[in-house]
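Summary of the model geometry
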2 protein chains.
Amino acid sequence: MDILRIAQAQINVTVGDLVANTDKIIRWIERAREASADVVTFPELALCGYPPEDLLLKPKFIRDNWTMLEHLAKQCKGITAVVGFADSEGDKVYNSAALIHEGRLVGVYHKIELPNYGVFDEKRYFEAGSGCLVFEMHGMRFSLTVCEDVWIPGSMAEKFAVDNGTDVVLNISASPFHAGKLTVRHQVVKLFARATGTTVFLNNLVGGQDELMFDGGSLVMNPTGEVIASAKRFEEHLLITDLDVDPSASTRTDRPGRVFHLEPAGSESRGWIQPTLAPDLSRLDEVYKALVLGTQDYVLKNGFKKVVIGLSGGIDSSLTVAVAVEALGTENVIGVTMPSEYTSEGTLSDAGALADKLNIQLITVPIGKIFHSFLDELKDPFGDGPLGIEAENLQARIRANILMSLSNRFGWLVLTTGNKSETAVGYCTLYGDMAGGFAVIKDVPKTTVFELSEYVNQRAEKELIPRSVIERPPTAELAPDQKDEDSLPPYDILDPILQAYVEQDRTRDEISALGFAAETVDEVIRMVDRNEYKRRQGTPGIKITPRAFGKDRRMPITNLYS
Amino acid sequence: MDILRIAQAQINVTVGDLVANTDKIIRWIERAREASADVVTFPELALCGYPPEDLLLKPKFIRDNWTMLEHLAKQCKGITAVVGFADSEGDKVYNSAALIHEGRLVGVYHKIELPNYGVFDEKRYFEAGSGCLVFEMHGMRFSLTVCEDVWIPGSMAEKFAVDNGTDVVLNISASPFHAGKLTVRHQVVKLFARATGTTVFLNNLVGGQDELMFDGGSLVMNPTGEVIASAKRFEEHLLITDLDVDPSASTRTDRPGRVFHLEPAGSESRGWIQPTLAPDLSRLDEVYKALVLGTQDYVLKNGFKKVVIGLSGGIDSSLTVAVAVEALGTENVIGVTMPSEYTSEGTLSDAGALADKLNIQLITVPIGKIFHSFLDELKDPFGDGPLGIEAENLQARIRANILMSLSNRFGWLVLTTGNKSETAVGYCTLYGDMAGGFAVIKDVPKTTVFELSEYVNQRAEKELIPRSVIERPPTAELAPDQKDEDSLPPYDILDPILQAYVEQDRTRDEISALGFAAETVDEVIRMVDRNEYKRRQGTPGIKITPRAFGKDRRMPITNLYS
């Protein structure tokens, strides 16, 4: 035997579903064993899901997770497994990797570097580890790490790997997605691999959890920093990679430290498997797949089957319904068009055309009479003077009430259709178009909404989203002849300003220096700042940028900084 | 001169309002100087407000806060001041106390213990300090600490105070309120004072910031653990305390460490001021004051003047409106009653009686016709079969739409009226009664709502909240003859179960062991767990219990743990 075979189980688990997650881990251990793997790894906290948030503060949750780990360990025969779970010692909880061999828990590694920035709150829950866990198999020396451990140049994990003469670093991760993140991840792992002279196996999580998307893309990187194998993205994958074993290594005695010596499991007769590389994805590919899987996981993991979406005939709802159909199937998506006196012939017929092309059920509920019944009752309290924003919001909230009524009657989840640009500047109605269970394109800037709509049509090789929808100037249709650009800068100006302000914390002067009019920048910043109260009550949606609204950006509502 | 005079400026600042906060600090320095104080302290992060959250990630915010500190220091003559601000060194930011003397920044202390639990995220923003800052004045040795530094037994701050022979520990705090917290705070400071043999001056913040209430109650505790002076709670206060100076101390040379020697400022002619003790508050006193100040600060700091509240004739809206009137004045509170066919004569007349007694404007907008216009348009999509929850929620959302329309037309902030019990179990309508800008009694259990309503009447020495409101069995009045207890356990059973589950993370078995039926406990836990999605879109409201919903309790929505 001159190979060792490592399987990385890139699985999709559900937070808190300890029994189902454990069952899945056991099934994938079995799959890896059937593939004659010597070692199989699982993602960070695979057993309890990531991030479990304040479930980790419940002592019984930690105990139950331990019970499932012990159950799982007993089932694990004929292979060595590395499984993410939450270890505890007294009151302390550790983000951990269990090393399991022949039905026995051999050792536990505690994550050393705890991220507490961006979407991460790990110092709220975990103590930092301080030791290493090393095992030797067929002369190869492995050490365990968890996610962030390989992200910090000069970290203890790096030092341990070097000092222990490690050949292979097994890293179990739950590294969340944003567009372009895979490149960042590769760069980071390359630095670690080169600094330590090790081969790094990074086993990432896949699947959606509330606002986070884990994109998979598990990988194997050699000591010179080349990716030699990679898993598919946005789907489960058992990535199998054979390692050449240096026959002389097993006799080396120059390596210090406490080491578990484990027997490889694979049969001698197995042949060398050529490593596989997943195809590259374009930026639009990966964003689209993130939206689809994020929607699918939120809907199904929360026990829903069908979704309902208000179709305005605009591009945001068109893209949302296209994503929903891809995620859930045509039979599980219901469109509702709710025309008013301000609805144009064009948008109304586009909503119908879209429903036709996507082959979904379409319900029509006009809002004119309801709108006027409100205005009748509000005549006295409103008093004299023309109607303004209150009449616009009233219509949006009538539509929300209709969608929620259908949701309550039939158990359909309402998907909202707001994009990041309008969420940022508050060009949306709280309890109106913001109302619903999941906000599919919440973190997608409007300019990207246009690109994705073209992409959807190209991908389908037909016009799923009508051309007239893509070409019509954006409008909320809540007042006569209304256009977004009456209230907002053009989106190709708004979006880069938003990116600079929201994602990069640049100042107004720095943004102006990029070539935008100072008064435009000021107005955009003012709109972003004063609409924090709306976003605080906003619907959760999928993070696809480096900084999404939500726990990624925690601004006070009461805030007079300017 | 045989005294040193210490002033603690318990001020109410606004997050981000650097200029106004600095102006206020300068004014209170002047007040303290006029009172012949030698030293004046301010709360933690007084200059930028607490907690500034992700404003701290903006480099310009840190620079601006530095600019204001330098401006402030120049104005500070004839007194020594300790001011909370955000210091920085390169990319690192510290939660800091500036020591200012004669127009000059003498030194900066960096908070050592960074809380990262409960509502706190300080490790997201701050580096931990590792040094001490000591100054000597008239032979007395002072050291600086910030909030959490005195909360951890055996901490570095404790060791520094002992090793440096400190006489007086100045602690600047932003310690948030919950009912009973003052007692906890006293116990904690007592441990520190006794362990270090020092007199501790704890200068707390006062005022509301989004969901947090800072209750003031600044104090001076002697080395034996007695409170010798205390500031009022829930209001600004300049607490002045004279210290006897040991004339021999100034000649002591046995104390190590780098020490700033500062001159006292007070005139020799000043007489000894008797220390003052603020009156004790009962549990209902402090909760009521927290609700009033929290409402006032949220409304006014966010630039609103008037609020609008839906009056159902029930106890929740009655208490909310009473609090709002106390916080904002009768002329700034508008009640809206929105009767339906399910509204009883009793509740309708009670809403009117309440508005009369509180002398507020009352608007009536019946919802029957609007409700039926919705049902007409939804007849086809709903199909056959009796109406259920969808019709109930529809009414609640019509009412929300009316309140929001008035808000949008007149610029009134909508106050919601939901209590903690119904928020916990989801007995409320998303985008319906949950819709609004601020949720006054969001963290108040229903049983406490009853107690507070009696308290309001006792305090007013008249029946502000009609007796019939207090005595009527709670009902949502969204269906014929509906009572809360048709859907929920009685509140005197529900509330202790919720407290055990939500605030104490107890398991179902532990809660049953307290004497509750297992099936009731199971049902309550199930309701709490499955309604996380509603709370995620809920309105911010004032924390008054040890664990409020919001950033105090971060549960995943997608969560299959049971």
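Described below are features of the structure shown in this document.

Thresholds applied
Residues numbered from 1 in each chain as written. Chains lettered and ligands numbered in written order. Predicted model: local features only at pLDDT ≥ 70, side-chain atom pairs only at ≥ 80, totals over all residues. Heavy atoms only, no water. Helix = DSSP H or I, 4+ residues; strand = E, 2+ residues; numbered from the N terminus. Expected span 1.5 Å × (residues − 1). Buried < 20%, exposed > 50% of the residue type's maximum accessible area, 1.4 Å probe, protein only. Least-squares fit on C-alpha atoms with pLDDT ≥ 70 in both. Contact = heavy atoms within 4.5 Å. Salt bridge = Lys/Arg side-chain N within 4 Å of Asp/Glu carboxyl O. Pairing = 2+ DSSP bridges. Phe/Tyr/Trp six-rings, centres within 6.5 Å; stacked < 30°, edge-to-face > 60°. Core = buried A, V, L, I, M, F, W, Y, C linked by side-chain atoms within 4.5 Å.

A closer look at helix α6 (residues 283-301) of chain A
Given 3.6 residues per turn, any residue in an α-helix points the same way as the ones three and four places further on. Residue and element names in this part refer to chain A. The end-to-end C-alpha separation of α6 is 26 Å, in line with the 27 Å expected for 19 residues at 1.5 Å each. The element α6 is extensively covered by neighbouring structure, given that 15 of its 19 residues are classed as buried. Immediately beyond the C-terminal end of α6, within one or two residues, lies Gly 303, with a positive phi of roughly 85°.

Overview of the relation of the copies chain A and chain B
Turning chain A through 180° and shifting it by 0.0 Å along the axis lays it on chain B, with an RMSD of 0.0 Å. Both copies of the chain, as the preceding transformation shows, are related through a two-fold rotation axis. Relative to the rotation axis, the C-alpha of A:Gln537 is the closest in chain A, positioned 2.2 Å from it. A symmetric contact is evident, with 100% of the interface residues of chain A recurring at the interface of chain B.

Details of the pattern of salt bridges
All names here are of chain A. Summed over the entire model, instances satisfying the criterion amount to 72 salt bridges over all chains. A salt bridge links Asp 38 to Arg 270; its shortest N-O distance comes to 2.7 Å. You can see Asp 38 sitting in the loop between α1 (18-34) and β2 (39-41) and its partner Arg 270 sitting in the loop between β15 (260-262) and α6, a full 232 residues away along the chain. For Asp 38, a relative accessible area of 0% translates into the label buried. Among the ionic pairs, Glu 454 bridges to Arg 467, the shortest N-O distance being 2.8 Å. Taken together, the residues span a long stretch of sequence, with Glu 454 in helix α12 (residues 446-460) and Arg 467 in helix α13 (residues 467-471) at a distance of 13 residues. Given the relative accessible area of 30%, Arg 467 is considered partly exposed.

Section: the sheet that holds strand β16 (residues 307-310) of chain B
An order of β18-β17-β16-β19-β20 (chain B) is seen for the five strands of this open sheet, with the pairing classed as parallel. At either margin of the open sheet sits one strand with a lone partner, and together these are β18 (361-364) and β20 (438-439) of chain B.

Some details on the packing of aromatic side chains
Both the distance between ring centres and the angle between the ring planes are used here to describe each pair of aromatic rings. The full count for this structure, using the stated rule, is 21 aromatic pairs over all chains. Here the aromatic rings of A:Tyr298 and A:Phe438 are separated by 4.3 Å at their centres, their planes lie at 15°, and the arrangement is stacked. With a gap of 140 residues between them, A:Tyr298 in helix α6 and A:Phe438 in strand β20 (residues 438-439) connect regions that are remote in the sequence. We classify A:Phe438 as buried; its relative accessible area is 0%. Measuring from centroid to centroid gives 6.4 Å for B:Tyr125 and B:Phe126, while their planes differ by 70°, and the two rings are edge-to-face. Residues B:Tyr125 and B:Phe126 agree in their burial class; the two are buried.

Brief notes about the nonpolar core
Here is a general trend for soluble globular proteins: nonpolar side chains tend to be buried in one another's company. If you look at the biggest cluster of nonpolar residues, it comprises 56 residues, and the most contacted ones within it are A:Phe374, A:Ile398, A:Ile402, B:Phe374, B:Ile398 and B:Ile402. For this core, the secondary-structure elements that each account for two or more residues are β17 (333-337), α9 (368-382) and α10 (389-410) of chain A together with β17 (333-337), α9 (368-382) and α10 (389-410) of chain B. Residues A:Ile26, A:Ile79, A:Ala98 and A:Phe214 belong to the second largest nonpolar core, which totals 50 residues.

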